[in-house]
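So the chains spell out like this:
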Amino acid sequence: MASEEETFTLPLPVLKYSNRVALKTLFGRKDGGLGLVGERIVIGGWVKSSKEIKKEAAEPIPSEGGSSAVEEPKKVTCVKILQSIFRVFAGTTTYPAAQSLEPVAVSSLPSEAILRVSDGSCVAGLQVLVESSVARPSQLLPTGTCILAEGVVNQTQVPGKHVIELKADKIQHIGIVDDHKYPLSKKRLPLYSLRDCPHFRQRTTTVASAMRIRSATTFGAYTFLQNNGFLHVHVPIITATDSEVSSKKFQVTTSLLDNCRMTRKEAKATSDSTEGVSLEVLKASAKKKNTLVEELERSESNKEAAAAARQDLQKTNDLISLLEANTKSSLETSHNCDKVDYSDDFFSCQAYLTASGRLHLESYACALGNVYSFGPRFRANIIPESENQVAETWILEIEMAFSQLEDAMKCACDLLKFLFEWILDNCSEDIQFLSKRTQNTSISLVQSMTISSFEKLSYAEAIEHLKKVTNKTFESKIEYGVPLTEVHTSYLADEIYKKPVLIYNYPKEVKPFHIRQNDDGETVAAFDIIVPKVGTLVRGSQAEERMDMLEKRMKEFSLPREQYEWYLDLCRHGTVKHSGFSISFDLVVLLATGLTNVQDVIPFPISHGRIRN
């Protein structure tokens, strides 16, 4: 048995599939890695910053006889040089003048590259020292260079944030960088400029921290749902069903009819020839030119001027005719394309990228009980100057059988609290770094999400509160029955209550058709959760399980019955009360990071007028 004085050191864990040590493993120790001094490890990463230090020339190595193995060059004075030159020109000596004047070759001094290397596993970077005899500094120093280095862990000689560094004696790989074309630099770049290079921006510490928080939040959501008996279901992202009638959709097609293509091509050709020309301006100009022609013809003083004026008037009239034909052609194009026959298309019908998977998820809830789905959803809505609007957003959707509105609201609140507790427990280093970088109160906001109660009020109560606001003017009139905009809901959460707000029982006109109608006949069992700084995080509802009410609602929305026949079957056969909600996952990450634009927490953001990669 080992004595109490004996200590045991567990082997340093190595990444299974790349045979290297993650920096998170080094810095995650209580001693900051100091207990690893003397250990030989392999690390890989990208150079964040660097510098080169030149060393003094080494002393000559003595030979066995005691004399230097390398003789120092003899000093040549100015007097001796002049004497040599005089002898050469005087011809009195055969001594070669060049021998004394030849410059001594000076070899390049040895140096050491000091690199700050990050491998993406944590905020911190490791200082790596590489002698020029191991690898050329010119290859290692550029920001973004990738290296795989092997060496011994040493204690840092200069006191600083970290207590260890790596003295590399072997470089297994160097991924060189074209310093002139590489978009990142040692200087901090604004986030908006990084959006132009989404394939490189994750190498910055800010975006890397956001991505680690995003990854941890994903795992946290799965953990909560799996621990509470939910099953994961994949729902289609291409569908013929429109679950959100108010949202604009992206159409999916493999071809358009030839006549539609040709009409648009012809219309474009006409448009190109009249680009920048206003029909009203042309007609006003033609009127003036016509008056001029009449005056010239009456005077008969200058027949050539009259002929030129008539010719100019004719050109203007021809251009007016062309522009009018272009306008008419555009209207016909729109009319024809709205009546496209999709029988020859890939799906033989109109198909869209889904804006919500809730309807499909309901069918599985009616068989498996509690289910969830996580994936991209698509909306083609254009909201000017909105920092939270993207075309592709990731949504976490939950559906529960044998549950009603209150059950869905409780589950949504519990899930949000769990997620933010999870983030605080697993991403504290990244949150602290981002809080300093963005100079905001993201940590306190995340902490408040875990402990504060959510203010609960009906839509009618929310309208009454907004009507009483006197220090702010809203663009849209506040009255019962109007949809609450982002400005309205944000004001409730940020200014009035200063905490998360849960609004329920919306007017039936502002919510989708499949939401259960309340007994008052005016409202539906729907709710939203609005959080300060980011807006609406959750949209939820209880589904309509009554066949007659569902059919009535479909008629109110003028929905084609044949498209929703499969959904009606859920009411016909074994219906059950069920409810659920969807969480805007991107906004959860945005709140946790403290950043201000949702595009900065999405790996490859796609928005109106902007798509990269």
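Note: the structure precedes this text.
In what follows, the accompanying structure is described.

### Side note on the overall build of the protein
Thinking step 1. Along the backbone of the protein there are 18 helices and 16 strands.
Thinking step 2. Expressed as a percentage of the 613 residues in the protein, the buried residues total 44%.
Thinking step 3. Restricting the contact set of the protein to residue pairs at least 6 apart, pairs at least 24 apart contribute 71%.
Thinking step 4. Within the structure as shown, the protein displays about 35000 Å² of accessible surface, and the carbon and sulfur contribution to it stands at 53%.

### Some thoughts on the pairing of strand β1 (residues 40–54)
Thinking step 1. Here β1 pairs with strand β4 (residues 146–155) via seven bridges, running antiparallel. The residue bridging Gly-44 from the neighbouring strand is Leu-148, located in β4.
Thinking step 2. Relative to strand β2 (residues 111–118), β1 runs antiparallel, the two being bridged by eight bridges. Paired with Ser-50 across the bridge in β2 is Leu-115.

### Some details on the sheet that holds strand β7 (residues 238–239)
Thinking step 1. Pairing is antiparallel in the open sheet, where three strands are placed in the order β7-β9-β8. Looking at the sheet topology across the chains shown, the edges are occupied by β7 and β8 (251–252).
Thinking step 2. Pairing of β7 with strand β9 (residues 351–353) involves two bridges; the strand directions are antiparallel. Note on β9: the bridge partner recorded for Ile-238 is Leu-353.

### Section: a negative patch on the surface
Thinking step 1. Among the surface-exposed residues, Glu-509, Asp-519, Asp-520 and Glu-522 lie close enough to one another that they form a single negatively charged patch.
Thinking step 2. Position of Glu-509 relative to the elements: it lies in the loop between β13 (501–507) and β14 (523–531).
Thinking step 3. Given a relative accessible area of 52%, Glu-509 falls into the exposed group.

### As for the side chain of Thr-241
Thinking step 1. One can find Thr-241 in the loop between β7 and β8.
Thinking step 2. Using a relative accessible area of 11% as the deciding quantity, one classes Thr-241 as buried.
Thinking step 3. Within the local environment of Thr-241, its side chain forms a polar contact with the side chain of Trp-566, the two groups lying 3.2 Å apart.
Thinking step 4. Setting aside residues up to four positions removed in sequence, Thr-241 forms contacts with Leu-359, Gln-563, Tyr-564 and Trp-566.

### Quick look at helix α15 (residues 486–496)
Thinking step 1. Residues His-488, Thr-489, Ser-490, Tyr-491, Leu-492 and Ala-493 constitute the buried set of α15.
Thinking step 2. Of the residues one or two after α15, Lys-498 is the one with positive phi, at around 55°.

### Section: the side chain of Glu-362
Thinking step 1. Structurally, Glu-362 is set in helix α10 (residues 358–368).
Thinking step 2. The charged side chain of Glu-362 is buried without a salt bridge, its nearest counter-charge being Arg-358 at 5.0 Å.
Thinking step 3. A distance of 2.7 Å separates polar atoms of two side chains, one belonging to Glu-362 and the other to Tyr-567.

### Topic: the sheet that holds β2
Thinking step 1. In space, the five strands of this closed barrel follow the order β1-β2-β3-β5-β4, with mixed pairing throughout. For this sheet, the mean inter-axis angle between neighbouring strands, taken without regard to orientation, is 50°.

### Quick word on the nonpolar core
Thinking step 1. Formed by 62 residues in total, the largest nonpolar core has its most connected members in Phe-527, Ile-529, Leu-537 and Phe-581.
Thinking step 2. At twelve residues, the largest contribution of residues to this core is made by helix α11 (residues 405–426).
Thinking step 3. Ignoring anything within four residues of it in the chain, the contact list for Leu-537 reads Leu-416, Phe-420, Ile-529, Val-531, Ser-582, Ile-583, Ser-584, Leu-587, Val-588 and Leu-591.
Thinking step 4. Grouped together as the second largest cluster of nonpolar side chains are 27 residues, Val-21, Leu-36, Val-117 and Leu-140 included.

### A short note on helix α16 (residues 547–556)
Thinking step 1. The set of residues buried in α16 consists of Met-549, Leu-550, Arg-553 and Met-554. Seen from one end, α16 has its buried residues packed into an arc of 140°, which puts them on one side. The exposed residues of α16 that point more than 90 degrees off its buried face are Asp-548 and Lys-555.
Thinking step 2. Where α16 is buried, its residues touch β14 and α17 (565–572).
Thinking step 3. Among the residues trailing α16, Ser-558 stands out with phi positive, at a value near 55°.

### Regarding the packing of aromatic side chains
Thinking step 1. Taken as a whole, this structure holds 15 aromatic pairs when the rule is applied.
Thinking step 2. Here the aromatic rings of Tyr-182 and Phe-200 are separated by 5.3 Å at their centres, their planes lie at 70°, and the arrangement is edge-to-face. Of the two residues, Tyr-182 sits in the loop between β5 (164–175) and α5 (191–194) while Phe-200 sits in the loop between α5 and α6 (205–227), which places them 18 residues apart along the sequence.
Thinking step 3. Centre to centre, the rings of Phe-374 and Phe-585 are 4.9 Å apart; their planes meet at 70°, and the pair counts as edge-to-face. Here Phe-374 is found in strand β10 (residues 370–378), whereas its partner Phe-585 is found in helix α18 (residues 585–593), with 211 residues between them in sequence.
Thinking step 4. What makes Phe-585 buried here is its relative accessible area of 2%.

### Regarding the environment of Lys-577
Thinking step 1. By secondary structure assignment, the location of Lys-577 is in the loop between α17 and β16 (578–584).
Thinking step 2. Sequence separation of Lys-577 and Arg-516 is 61 residues, and the distance between their C-alpha atoms is 9.6 Å.
Thinking step 3. Look past the residues within four positions of Lys-577 in its chain and what remains in contact with it is Met-400, Ala-401, Phe-402, Ser-403, Gln-404, Arg-516, Gln-542 and Glu-545.

So, how was this worked out
Residues numbered from 1 in each chain as written. Predicted model: local features only at pLDDT ≥ 70, side-chain atom pairs only at ≥ 80, totals over all residues. Heavy atoms only, no water. Helix = DSSP H or I, 4+ residues; strand = E, 2+ residues; numbered from the N terminus. Buried < 20%, exposed > 50% of the residue type's maximum accessible area, 1.4 Å probe, protein only. Contact = heavy atoms within 4.5 Å. Areas by Shrake-Rupley, 256 points an atom, 1.4 Å probe, with all protein chains shown as cover. Pairing = 2+ DSSP bridges. Patch = residues over 30% accessible without salt bridge, like charges linked within 9 Å, V, L, I, M, F, W, Y side chains within 5 Å. Salt bridge = Lys/Arg side-chain N within 4 Å of Asp/Glu carboxyl O. Lys, Arg positive; Asp, Glu negative; His and termini not counted. Charge placed at Lys NZ, Arg CZ, Asp CG, Glu CD. Polar contact = N/O pair within 3.5 Å; in protein donor to acceptor, adjacent residues only side chain to side chain. Axes fitted to C-alpha atoms, helices over the stretch in contact; angles between N-to-C directions. Core = buried A, V, L, I, M, F, W, Y, C linked by side-chain atoms within 4.5 Å. Arc of directions from axis to C-beta. Phe/Tyr/Trp six-rings, centres within 6.5 Å; stacked < 30°, edge-to-face > 60°.

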